Amino acid sequence: MHLYIFVFGYRRTHVNIVDVDTNELVSSWVVCINTQTPVVMKSYDVDYLVANHRNVNNGVDVLLNKKIIFKNPWDISRKFVLISSDETVMKPRSNIMDVTARGTSYLRLAFLPPVTRHTTTSNVYLFLNNEEGQTEEAFLFTIAYK
């Protein structure tokens, strides 16, 4: 199981382990995390024209789909696991991408409508991880809702 939490900066939280049968506290920890934003390899600006992405039949917002070409810089075939930092804003159409040695493939991404009508911009990261879960590349998408 993998747990991905994308919080940048300093956070401190308490973690308690409780026996569910007796409701007794088994252990407790204070977890302190200090993270930085990832090194961004490329950044993209995306214009999401909200009026153009409404279904006229029932008023439901639809996805904005984009394709971005990706070139494998390595001399071997690679499998990447694509992870969005916020799937309420952007999510990969497929979480796995196989790319031949020095070959190209497409990052197929779906951008979702804003959560509230007052949202004007959102930033979201796309992480390209190797099969061991290590981040190989990170892309930043700035979505402008108009």
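Refer to the structure presented above.
**Q** Any chance you could break down the side chain of Ser85 for me, citing the residues and the numbers?
**A** In this fold, Ser85 is placed in the loop between β5 (78-84) and β6 (90-92). There is a polar contact of 2.8 Å between the side chain of Ser85 and the backbone nitrogen of Tyr125.

**Q** With reference to specific residues and values, describe the sheet that holds strand β8 (residues 104-111).
**A** The sheet built from three strands is open, its strands ordered β4-β8-β6 with antiparallel pairing. Each edge of the sheet is formed by a strand with only one pairing partner; in this case those strands are β4 (64-71) and β6. Going across the sheet, the axis of each strand differs from the next one's by a mean of 30°, ignoring polarity.

**Q** Which residues make up the pairing of strand β1 (residues 9-18), and what values go with them?
**A** Bridge count for β1 against strand β2 (residues 25-35) is ten bridges, and the pairing is antiparallel. Paired with His14 across the two strands is Val30, which belongs to β2. In sequence, β1 turns back onto β2 through a hairpin of six residues, with Asn23 there showing a positive phi of about 60°.

**Q** How would you sum up a nonpolar patch on the surface? Please name residues and give values.
**A** A contiguous nonpolar patch, built from Val15, Ile17, Val26, Trp29, Val31 and Ile33 and spanning about 480 Å² of accessible area, is present on the exposed surface. Where the nonpolar patch is concerned, the elements lending two or more residues are β1 and β2. Tallying contributions element by element places β2 first for the nonpolar patch, with four residues. The residue Trp29 is located in strand β2 in this model. With relative accessibility at 45%, the residue Trp29 sits in the partly exposed group.

**Q** Please set out the sheet that holds strand β3 (residues 42-48) residue by residue, giving values where relevant.
**A** The five strands lie next to each other as β3-β10-β9-β5-β7, forming an open sheet whose pairing is mixed. The open sheet terminates on both sides in strands that have one partner only, identified here as β3 and β7 (96-99). Strand-to-strand twist of the sheet, defined as the mean angle between neighbouring strand axes without regard to direction, takes the value 25°. Examined bridge by bridge, β5 and strand β9 (residues 121-129) share four bridges and lie antiparallel to one another. Residue pairing across strands places Leu82 opposite Leu128, the latter belonging to β9.

So, how was this worked out
- Residues numbered from 1 in each chain as written.
- Predicted model: local features only at pLDDT ≥ 70, side-chain atom pairs only at ≥ 80, totals over all residues.
- Heavy atoms only, no water.
- Helix = DSSP H or I, 4+ residues; strand = E, 2+ residues; numbered from the N terminus.
- Polar contact = N/O pair within 3.5 Å; in protein donor to acceptor, adjacent residues only side chain to side chain.
- Pairing = 2+ DSSP bridges.
- Axes fitted to C-alpha atoms, helices over the stretch in contact; angles between N-to-C directions.
- Patch = residues over 30% accessible without salt bridge, like charges linked within 9 Å, V, L, I, M, F, W, Y side chains within 5 Å.
- Areas by Shrake-Rupley, 256 points an atom, 1.4 Å probe, with all protein chains shown as cover.
- Salt bridge = Lys/Arg side-chain N within 4 Å of Asp/Glu carboxyl O.
- Buried < 20%, exposed > 50% of the residue type's maximum accessible area, 1.4 Å probe, protein only.

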